[in-house]
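Secondary and tertiary structure notes
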Amino acid sequence: MSDLTCEFLNLKLRNPIVLASGILGTSADVLERVARAGAGAVTAKSCGPAPRAGHPNPVAVEWDHGLLNAIGLSNPGAEEEARMLVEARARLEPLGVPLIASIFAGTVAEFGDVARVIAAARPHLIEVNISCPNVADEFGTPFAALCESAAAVTEMVKCAVGDIPISVKLAPNVPNIGRIAAAAVEAGADAITAINTMPGMVIDAEAGRPVLSNRVGGISGPALKPIALRCVYEIARSVRVPIIGTGGVTTGRDAAEMLMAGATAVGVGSAVWTRGVAALGDIAAELAAFMAQEGYRTLGALRGVAL
Amino acid sequence: MHQTFTITEIRTENYRTKTFIFDRSLPGAQPGQYVMAWLPDVGEKPFSIAGNAPLALMVVAVGPFSEALHRLRVGERVWVRGPLGQGFALHGAHHLLVGGGYGVAPLLFLARTALAAGHSVEVCIGARTAEDVLLAEAFMSTDSTDFNGLREEKKSDTVALTTRTSTDSTDFNGLREKKSVSSVQSVDKLLITTEDGTLGEQGLVTRAVEAAIAARRPDCVYACGPAPMLTALARLCQAHSLPHQFSWEAHLRCGLGICGSCELDTQTRQAANMPAGWLVCKDGPVRIMIHDS
């Protein structure tokens, strides 16, 4: 078998498969379950400054080529999330699985506040979600849309978290994602997570209505993969920091493609819908089998070969 | 994606409960699975499948969405996503079904499935008071499309139930002798308990379950109802080393096993000996506990 060990910043992952933010990740129990299912690292669901119930149902719907969701950033607020993260980290450490926290906020200053609270829980990495497509009405244009706002948030969070590395999560629906990534890295991002879901809509023809209560949502699953590959590829050509390539990865072969586009680690989310929690470990095993078959001995040999 | 189903019949079960019968079956639906029912501009909620020949959903009016469903009429449409989740899996050939309150809905579908396979089925229904006892007639009915047993030819079979004056659960046992020959059999025994004694035996359903187990040990116990009932039954089944399959309730959102909203609270989970991180919407709603002994 090939070696799946993954060096990511100062972290050593047993494999590059990372539970993406927003999928499960709501409790220490669930994070531990995903870790035991074989994930290399796990990301908690995004938390903001205050508790949010999220959107009313329907919040998710499956369609021909993936999912559309607008959960609405439901979360217990940073204080409660920090307590959960402390417990989750204690459970994950014996398993050797790093914990990634995820934060969002409505203003640059709030990003700093949330980051400080979360940093106190000592996650191994903090992901900065500047790209949730489902809360635009309350928070205006996503921070991920402009170099200036992406940089401002990055700088604020970087100042707030001390020595904990941060990864900035970018949106696919921007004219030049490489430039946004460069702006974030320039402002202090240690890594980039790409991508968040792609804004979309599913209309039920009989109902004559969008299905989701939020009307629009984020497209994920197989339909997102070519978009994610293009974004990761452009980011990898633009910056030198490690990338968590996320979007539509359902099989080990998909994960290999993401690494070939320049990712160092691979986020897995919607595959949990089709393949269950076992997806994380199964995709890692499939990746190892693919690498062995194709003669790649290490992840380093695979990374960026398509660039 | 949602499929549209047209309501062909609406049956009033009690003061706040209606069963909606639709125009066709839901492909692949198993007893214990659920659907997400969507009304555009109103919302989407989960409902156990109460029958699938054709699709039937029992709806208790407890909030704005279920009240909106109750306002629908025959000929109107409901959008359905599913079947979702893990259902019951028949284990053995003699089954004890335990329903608390409106938890009877998935058990009716299970009973019909087991009876069609030639198995024997006993049912215990527990409720607060007589008018909260749901689907009792349907369990005794021999017509697989019959949800309330009020059809003319069934009246003699169900008199003991429909009069609802009896305080003796053995009245219902007597129905077994009277059941007519039909493609679908009636359940072997129906025991009803109410907390105030207005129908059947007074007390909690667990007492009837104890009696049923003592009289004839089932191969498996299947239950759906409030969490305290299920945790009590879990202890009972563990004490008797009985395989059991319980259907749990939680706040379901995505129904796809991704949003993480539907974990059971820690106390309930531990009381029922359930695994940590268990997701009601996809791992469940039915948790199958069959130990080799």
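Predicted model, so just to flag it, every value in this text is computed and none were measured.

1. Let's talk about the overall build of chain A
Regarding its fold elements, chain A presents 11 helices and 16 strands. Summarising its shape, the C-alpha atoms of chain A cover approximately 50 × 50 × 40 Å along the three principal directions. Counting every position in chain A, which comprises 307 residues, the buried fraction comes to 63%. Long-range pairs, those at least 24 residues apart, make up 71% of the contacts in chain A with a sequence separation of at least 6. Here chain A has roughly 11000 Å² of accessible surface; of this, 53% comes from carbon and sulfur atoms.

2. Structural notes on unusual backbone geometry
Cis geometry is adopted by the peptide bond preceding A:Ile195, which originates at A:Ala194 and carries an omega value of 15 degrees. Here A:Ile195 is to be found in the loop between strand E10 (191-194) and strand E11 (198-200). Here the amide bond leading from B:Gly82 into B:Pro83 is cis, since omega sits at 5 degrees, within 30 degrees of zero. In this fold, B:Pro83 is placed in strand E7 (residues 77-84).

3. A short note on the domain arrangement of chain B
All names here are of chain B. If you check the domain split of chain B, you get domain 1 (3-84) and domain 2 (94-289). The interface is formed by 28 residues belonging to domain 1 together with 25 residues belonging to domain 2. In this assembly, domain 1 packs against domain 2 so that about 2200 Å² is buried in total across both faces, 62% of it on carbon and sulfur atoms. The tally of links between domain 1 and domain 2 comes to zero salt bridges. Where domain 1 packs against domain 2, one counts five residue pairs in polar contact (both at pLDDT 80 or more). Of the residues forming the side of domain 1 that touches domain 2, the biggest block, four residues, is contributed by strand E1 (residues 3-14). Class assignment of the residues belonging to the side of domain 1 that touches domain 2 gives a composition of 14 nonpolar, eight polar and six charged.

4. Remarks on the sheet that holds E11(A)
All names here are of chain A. Pairing is antiparallel in the open sheet, where four strands are placed in the order E5-E6-E14-E11. Two strands close off the open sheet at either side, each with one partner strand: strand E5 (60-63) and E11. The mean angle between the axes of side-by-side strands here comes to 35 degrees, regardless of whether they run parallel or antiparallel. Where strand E6 (residues 66-69) and strand E14 (residues 217-220) come together, three bridges link them in antiparallel fashion.

5. Focus: the interface of chain B and chain A
Listed by partner, the interface residues are 28 residues for chain B and 33 residues for chain A. It is B:Met1, B:Arg253 and B:Ile258 in chain B that bury the most area against chain A; as a group they hold 30% of the surface buried on that side. Applying the counting rule to chain B against chain A returns four salt bridges. Measuring nitrogen to oxygen at the nearest pair gives 3.7 Å for the salt bridge that ties A:Glu62 to B:Arg81.

6. A short note on the pattern of salt bridges
Where charged atoms from two side chains of opposite charge come close, those side chains can pair. Residues and elements named next belong to chain A. The tally for this structure, following the rule as stated, stands at 22 salt bridges over all chains. For the salt bridge of glutamate 87 with arginine 91, the shortest nitrogen-to-oxygen distance reads 2.6 Å. In this pair, glutamate 87 and arginine 91 both sit in helix H2 (residues 78-92), four residues apart, roughly one turn of the helix. For glutamate 87, a relative accessible area of 39% corresponds to the partly exposed category. The class of arginine 91 is partly exposed, set by a relative accessible area of 25%. Between aspartate 190 and lysine 158 there is a salt bridge, and its shortest N-O distance comes to 2.7 Å. Of this pair, aspartate 190 sits in the loop between helix H6 (177-186) and E10 while lysine 158 is found in helix H5 (residues 147-160), placing the two residues 32 residues apart along the sequence. Assessed through its relative accessible area of 22%, aspartate 190 is described here as partly exposed.

7. Remarks on empty space enclosed by the protein
Using a probe with the size of a water molecule, rolled over the atoms, empty space left in the structure can be pinpointed. All names here are of chain A. Per the stated rule, a full pass over the model turns up five cavities of 30 Å³ or more. Forming the walls of the largest cavity are 33 residues, and the residues nearest its centre are Ser21, Gly22, Asn69, Asn196 and Thr197. The residue inventory of the lining of the largest cavity, partitioned by class, reads 13 nonpolar, 18 polar and two charged.

8. Some words on the pairing of strand E10 (residues 189-194) of chain B
All names here are of chain B. Among the six residues in E10, six count as buried, and that is most of the element. Along E10, one buried face is formed by Lys189, Leu191 and Thr193 and the opposite face, lined by Leu190, Ile192 and Thr194, is buried too. Two elements, strand E9 (residues 120-127) and E10, share six bridges in a ladder whose sense is parallel. Across the sheet, glycine 126 pairs through a bridge with threonine 193, a residue of E10. In the sheet, E10 pairs with strand E11 (residues 201-202) via two bridges, with the strands oriented parallel. The residue bridging threonine 194 from the neighbouring strand is glutamine 202, located in E11.

9. Comments concerning the nonpolar core
One broad trend across soluble globular proteins is that nonpolar side chains are buried collectively. The biggest cluster of nonpolar side chains holds 144 residues, and the ones touching the most others in it are A:Ile103, A:Ile118, A:Ile130, A:Ile192 and B:Val98. In terms of residues, this core owes the most to one element, helix H10 (residues 279-294) of chain A, which gives eight residues. Per-domain counts for this core show at least three residues from each of domain 1 (3-84) and domain 2 (94-289) of chain B. Excluding its chain neighbours within four sequence positions, the residues that come into contact with B:Val98 are B:Leu107, B:Cys124, B:Val205, B:Val209, B:Val221, B:Tyr222, B:Ala223, B:Cys224, B:Met229 and B:Leu233. Among the nonpolar cores identified, the runner-up in size contains 33 residues, and B:Leu135, B:Ala138, B:Leu199 and B:Tyr222 belong to it.

Reading the values: the criteria
- Every residue gets a number counted from 1 within its own chain, in the order that chain's sequence is written.
- Numbering of ligands from 1 and lettering of chains from A proceed in the order in which they are written.
- Note on the predicted model: pLDDT of at least 70 is required for a residue's local features to be given, and 80 or more for side-chain atom pairs to be given and counted; whole-chain, interface and lining totals, by contrast, use all residues.
- Side-chain figures throughout are based on the complete set of non-hydrogen atoms in the structure, without hydrogens or water.
- A helix here means a DSSP run of H or I that spans at least four residues, while a strand means a run of E at least two residues long, and both kinds are numbered starting from the N terminus.
- Any residue under 20% of the maximum accessible area for its type is buried, any over 50% is exposed, and the rest in between are partly exposed; the area is computed with a 1.4 Å probe on protein chains only.
- Note on contacts: a residue pair qualifies if any of its non-hydrogen atoms lie within 4.5 Å across the two residues.
- The Shrake-Rupley method, run with a 1.4 Å probe, gives the accessible areas here. Residue values count only the displayed protein chains as cover.
- As used throughout, domain bounds are those supplied by an automatic or database domain assignment.
- Buried area counts how much accessible surface, traced with a 1.4 Å probe, disappears from two parts once they are put together, with both parts' losses summed.
- A pairing counts as a salt bridge when a side-chain nitrogen of Lys or Arg comes within 4 Å of a carboxyl oxygen of Asp or Glu.
- A 3.5 Å cut-off defines polar contacts: any pair of N or O atoms within that distance qualifies, except that in protein one atom must be a possible hydrogen donor and the other a possible acceptor, and neighbouring residues in sequence count only when both atoms are side-chain atoms.
- Gly is placed with the polar residues, together with every amino acid not listed as nonpolar (Ala, Val, Leu, Ile, Met, Phe, Trp, Tyr, Cys and Pro) or charged (Asp, Glu, Lys and Arg).
- When DSSP locates at least two bridges between a pair of strands, those strands are taken to pair.
- In this analysis an axis means a line fitted to C-alpha atoms, helices contributing only their contacting stretch, and an angle means the value between N-to-C directions, from 0 to 180 degrees.
- Cavities and pockets were defined on a 1 Å grid built over protein atoms only: a cavity is a set of grid points that admits a 1.4 Å probe from which the probe cannot escape, a pocket is an open set flanked by protein on both sides within 12 Å along at least five of seven lines, and lining residues are those with an atom within 4 Å of any such point.
- Grid points are joined across faces, edges and corners, and a volume is the space filled by probe spheres set on the points.
- Buried Ala, Val, Leu, Ile, Met, Phe, Trp, Tyr and Cys residues form a nonpolar core when they are joined through side-chain atoms within 4.5 Å.

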